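Overview (structure and organization)
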Amino acid sequence: MRILVTGGAGYIGSVTARTLLDAGHEVVVLDDLRSGHRAAVPEGAAFELGDVADRRLVADVFDRHRVGAVVHFAASSLVGESMERPHAYFANNAVASLRLLEAAHAAGVDRFVLSSTAAVYGTPDRVPIPESAEVRPESVYGASKAMTEQALDWLATTAGLGWCALRYFNAAGATERHGEDHRPETHLLPLVLEVAEGRREKIRIFGDDWPTPDGTPVRDYVHVQDLADAHVRAVEAIRPGTGAAYNVGTGRGASVQEVVDACRAATGRNVPTEVAPRRAGDPAELVADPSRIGAELDWTPRRSELREIVESAWAWRRAHPDGYPPA
Ligand code: UFG
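Overview of the structure. Everything numeric in this text was worked out from a predicted model, so none of it was measured.

A few words now on unusual backbone geometry. Look at the link from V127 to P128: it is a cis peptide, with omega at -5 degrees. Along the chain, the position of P128 falls in the loop between β5 (111–117) and α5 (140–159). Cis geometry marks the peptide bond from R183 to P184, where omega comes out at 0 degrees. Mapped onto the fold, P184 is located in the loop between β7 (170–172) and α6 (188–197). Located in the positive-phi region is L33, a residue other than glycine, with phi close to 60 degrees. Among the structural elements, L33 can be located in the loop between β2 (26–31) and β3 (46–49).

As structure tokens, this is what we get:
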């Protein structure tokens, strides 16, 4: 199948594009490089520079490449920033996705995979979180993804769309060729590794008085390669007129303190920490119940032990100390 991967120059998008190619698919990457890296686009993928909200460009891409499916990553994805720039987040995520869906429909493309997020659940009533938990986001980011999921569901019944929304928990880790290179970086693991490298003085732990075993927040870290594999399974399984949302996580949580300790062990370096105030909008604990994706897509995490996640991320940083080269 020929697959359009929007945001295929980004962290999860580039690993997924590589994995789709390895699975025998053809890949067209569409990315405006506002946060992605040209060097992250895998060899063998066609590359189109542009914004998914650009109707004319997207129609032209569908027309020229004759794609059969879309895997849609291109989005703004920082919870905190979404509260400061709500219009931009609704525009980049919800509105742009709807434009892309409209263009896909006009081109007769009826398979669509959406990058969604655990942030659609807000603070859950219980963990692990099943997909049947109420969708009640507490951030504009989470809301923008929930809105897009809702549109997908309606488009299945009204326009025959086949869709899948993958609700990621905490993507982390690296492959040999692809790693995490956000500018600025806000995610825990790469920040801790920057401390280990000596590029950053210390890691601030946002609260140590949470209702968790060691007092620091618990997240479900899933290796980026496992996430990419979930996309391949999802796009291959989609059937027109039906859709589903799946949690992509391991079902196991790790605390901020455990991540710091795993980084100390993997790097053999000193990692100074400092307890800082809680970060607004952070829930205490987010852990997936991944049984639906296991049962329906036969997906199971293979590389998501915390140690392997941290070691892979560290290996990538050692090989690419300045991240991806400039375009
Ligand atoms: N943290 C720190 N110090 C830091 C950075 C993070 O203590 O310098 C803590 C956070 O408080 C949180 C944990 O580390 O408890 C993980 O934080 P990240 O910023 O790495 O990730 P989030 O869990 O906040 O966000 C991730 C994804 C979002 C997604 C969200 C779902 O990056 O896209 O999970 O809630 F929306």
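Along a regular strand, successive side chains alternate from one face of the sheet to the other. Most of strand β6 (residues 162–168) is tucked away, with 7 of its 7 residues classed as buried. Of the two faces of β6, the one lined by G162, C164, L166 and Y168 and the one lined by W163, A165 and R167 are each fully buried. As paired elements, β5 and β6 share 7 bridges and run parallel to each other. Among the inter-strand pairings, T117 is bridged to a residue of β6, identified as Y168. In this region the chain leaves β5, passes through α5 and returns to the parallel neighbour β6; the handedness of that crossover is right-handed. Where β6 and strand β11 (residues 243–248) come together, 6 bridges link them in parallel fashion. Bridge pairing links C164 to A244 in β11.

Using a probe with the size of a water molecule, rolled over the atoms, empty space left in the structure can be pinpointed. Following the criterion strictly, the structure yields 1 cavity of 30 Å³ or more and no others. Around the largest cavity, the lining residues are G173, A174, G179, E180, L189, P190, L193, A313, W316 and R317. Elements with a minimum of two residues in the lining of the largest cavity: α6 and α10 (306–319). When the residues that make up the lining of the largest cavity are grouped by side-chain class, the tally is 6 nonpolar, 2 polar and 2 charged.

On to the site of the ligand, then. In the region of the ligand, 21 residues are neighbours, and L188, R204, R219, R279 and D282 sit closest. The backbone of S77 places a nitrogen or oxygen atom 3.4 Å from an oxygen atom of the ligand. In this structure, a nitrogen atom belonging to the ligand sits 2.7 Å away from a main-chain N or O atom of R204. Considered on its own, the ligand offers 690 Å² of accessible surface; in the complex 90% of this is hidden by protein. Listed by contribution, the elements that provide at least two residues to the shell around the ligand are α6 and β8 (203–206). The element best represented in the shell around the ligand is β8, accounting for 4 residues. Of the residues belonging to the shell around the ligand, the class tally is 12 nonpolar, 5 polar and 4 charged. Taken domain by domain, the makeup of the shell around the ligand includes at least three residues from each of domain 1 (2–169 + 222–248) and domain 2 (188–220 + 251–319).

So, how was this worked out
Residues numbered from 1 in each chain as written. Predicted model: local features only at pLDDT ≥ 70, side-chain atom pairs only at ≥ 80, totals over all residues. Heavy atoms only, no water. Helix = DSSP H or I, 4+ residues; strand = E, 2+ residues; numbered from the N terminus. Buried < 20%, exposed > 50% of the residue type's maximum accessible area, 1.4 Å probe, protein only. Pairing = 2+ DSSP bridges. Right-handed = clockwise from strand over helix to strand, strands pointing away. 1 Å grid on protein atoms, 1.4 Å probe; cavity = no way out; pocket = protein on both sides within 12 Å on 5 of 7 lines; lining within 4 Å. Points joined across faces, edges and corners; volume = space filled by probe spheres on them. Nonpolar A, V, L, I, M, F, W, Y, C, P; charged D, E, K, R; others polar. Near = heavy atom within 4 Å. Polar contact = N/O pair within 3.5 Å; in protein donor to acceptor, adjacent residues only side chain to side chain. Areas by Shrake-Rupley, 256 points an atom, 1.4 Å probe, with all protein chains shown as cover. Domains from an automatic or database assignment.

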